[in-house]
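# Close look at the chain arrangement
Here's the letter readout for the chains.
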Amino acid sequence: MAASGVSQQKTAVKKVPKQSSGDIIRVKSGIDRPFLIIVLLLVAIGTVMVFSASYAYAKAKYENSYYFAFDQIKWVVLGTVALLLVAYPFDYLIILKFQLPFFIVCMFAMALVPFLGHEVNEATRWFKIGSFTFQPSEFAKLAIILYFADLISSGRNAGKSTIRQLLPYLLWGGYMAVTLYLEPHISCIVIVGFLMLVLMFFGDVPMKQVMIIGAALATIVVLFIIFSEHGSGRIQVWFHPEDYPNTGGWQPLQSLLAIGSGGFWGVGLGQSTQKHLYLPEPQNDYIFAILCEEMGFVFAVIVIALFVALVWRGMYIARRAPSIKASLVVIGIVAQIAIQAFLNIAVVTNTLPSTGISLPFFSYGGTSLVILMAEMGIVLNISKFSYTPKG
């Protein structure tokens, strides 16, 4: 079996389009406009929804209805600048050269967060410098994508035993799981785990190894649920939120009420009832519930369709990328968006247990949006290049 795995991984390495191979040339063109348009549409809708969802809470807490809206616009501008700086001036190869030091810094930061981080709502996930806060895990997700895209595409594991091939995934996946558990940030453990599985699958890593990592991820989640009071409590609330109306069940109950109130066409933009201090911090993790209430089922489906279109277009860019490494980077980035969007909407609809996970381009937040827009810049930068057979 180990020999079979080695053989498959050598085959994957041979698939890498080499720019100097003589039969493949790299062609530069403009950025992928459909992808950019979808990103801008999601950002625009998300910014409007942040204002609509937040103004009642902002008025009550800060006596300024525009507090979150103005702050979000500031981050949208900075994020757009990050997208443009990453997408245009440099060749993506220059950016990818810094993946290793970026990975090391991110992993070091993740180790410090549980001990030196800033606590909010019983979770220590942030570093705070003055009035500025940021989540190292947002950077770490990108670092994981870049590192494993490089590892898989380089073929450094080819020829090794199955255990040695799995070691980097188990080592760094386990490291991330431990540091995120200490925060705690269980939803991010799930995201990182799925990102690793996606990269392994599309990188032609032997299916046996993919299944081993998948089993390890499932085991970690199950153990957390069994032995953690926090995790088991979330499961109980998930099954019967009506039994915990004043504690853990409050958010899912109010979220479902908002979604149900919206009906087919919604109550109208700005007309939500649940955002008036019924649904806590509606501009964050539960913003999709406010969108459903105000804009209805039809518009919610349109937003979901935009996410699907973004992932589909990203996969199109990945298929035309000039190397397997570039392809895996794009796949990892769009997979991150797909996973987060799916998990957020599943939590908002109580399809999955409640956990803190943001909706990409929609949930209020600074560093997460800027990092996300920078990732979109990486995809657009890669989209400028494609490979084509010579002659």
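Up top is the structure.
What comes next is a walk through the structure. Predicted model only: the values in this text are computed from it and were never measured. (Residues numbered from 1 in each chain as written. Predicted model: local features only at pLDDT ≥ 70, side-chain atom pairs only at ≥ 80, totals over all residues. Heavy atoms only, no water.)

All right, on to the sheet that holds strand 3 (residues 123-129) then. If you trace the three strands from one edge of the open sheet to the other, you get 2-3-4, paired in antiparallel fashion. In this open sheet, the two edge strands, each paired with only one partner strand, are strand 2 (118-120) and strand 4 (132-134). Across the sheet, the mean angle separating the axes of adjacent strands is 45 degrees when strand polarity is ignored. As defined by bridge partners, strand 2 adjoins strand 3 across three bridges and the pair is classed as antiparallel. Paired with H118 across the strands is W126, a residue of strand 3. In the packing of helix 5 (residues 99-116) onto the sheet, the strands contacted are strand 2 and strand 3, and the crossing angle to strand 3 comes to about 100 degrees. (Pairing = 2+ DSSP bridges. Helix = DSSP H or I, 4+ residues; strand = E, 2+ residues; numbered from the N terminus. Axes fitted to C-alpha atoms, helices over the stretch in contact; angles between N-to-C directions. Contact = heavy atoms within 4.5 Å.)

Once that is clear, we can look at the pattern of salt bridges. For the structure on display, the rule yields five salt bridges. Measuring nitrogen to oxygen at the nearest pair gives 3.0 Å for the salt bridge that ties D71 to K74. Highlighted residues: D71 and K74, both in helix 3 (residues 67-87), separated by three residues, approximately one helical turn. The partly exposed category is assigned to K74, whose relative accessible area is 40%. (Salt bridge = Lys/Arg side-chain N within 4 Å of Asp/Glu carboxyl O. Buried < 20%, exposed > 50% of the residue type's maximum accessible area, 1.4 Å probe, protein only.)

What follows covers helix 3. Helix length check: helix 3 (21 residues) gives 30 Å between terminal C-alpha atoms against 30 Å at 1.5 Å per residue, within 8%. All buried positions along helix 3 are accounted for by F68, A69, D71, Q72, W75, V76, G79, A82, L83, V86 and A87. Down the axis, helix 3 shows its buried residues gathered within 155 degrees of arc, on one side only. Exposed and oriented more than 90 degrees from the buried face of helix 3 are F70 and L85. Close packing links the buried residues of helix 3 with helix 2 (33-62), helix 4 (92-96), strand 4 and helix 14 (367-383). (Expected span 1.5 Å × (residues − 1). Arc of directions from axis to C-beta.)

Within the secondary structure layout, A338 lies in helix 13 (residues 324-348). For A338, a relative accessible area of 32% puts it in the partly exposed group. Note: C-alpha distance between A338 and L359 (21 residues apart in sequence) is 9.9 Å.

One pass over the full model with this rule turns up 25 aromatic pairs. With centroids separated by 5.4 Å and ring planes inclined at 15 degrees, the aromatic side chains of Y66 and F70 adopt a geometry described as stacked. With a relative accessible area of 43%, Y66 lands in the partly exposed category. With a centroid separation of 5.0 Å and 85 degrees between ring planes, the pair formed by F103 and W172 is classed as edge-to-face. Taken as a pair, F103 in helix 5 and W172 in helix 7 (residues 162-182) lie far apart in primary sequence, 69 residues in all. For F103, a relative accessible area of 2% puts it in the buried group. Among the residues examined, W172 registers a relative accessible area of 23% and is labelled partly exposed. Here a set of aromatic residues connected by ring pairs shows up, and it is made of F103, Y147, F148, Y169, W172 and Y175. (Phe/Tyr/Trp six-rings, centres within 6.5 Å; stacked < 30°, edge-to-face > 60°.)

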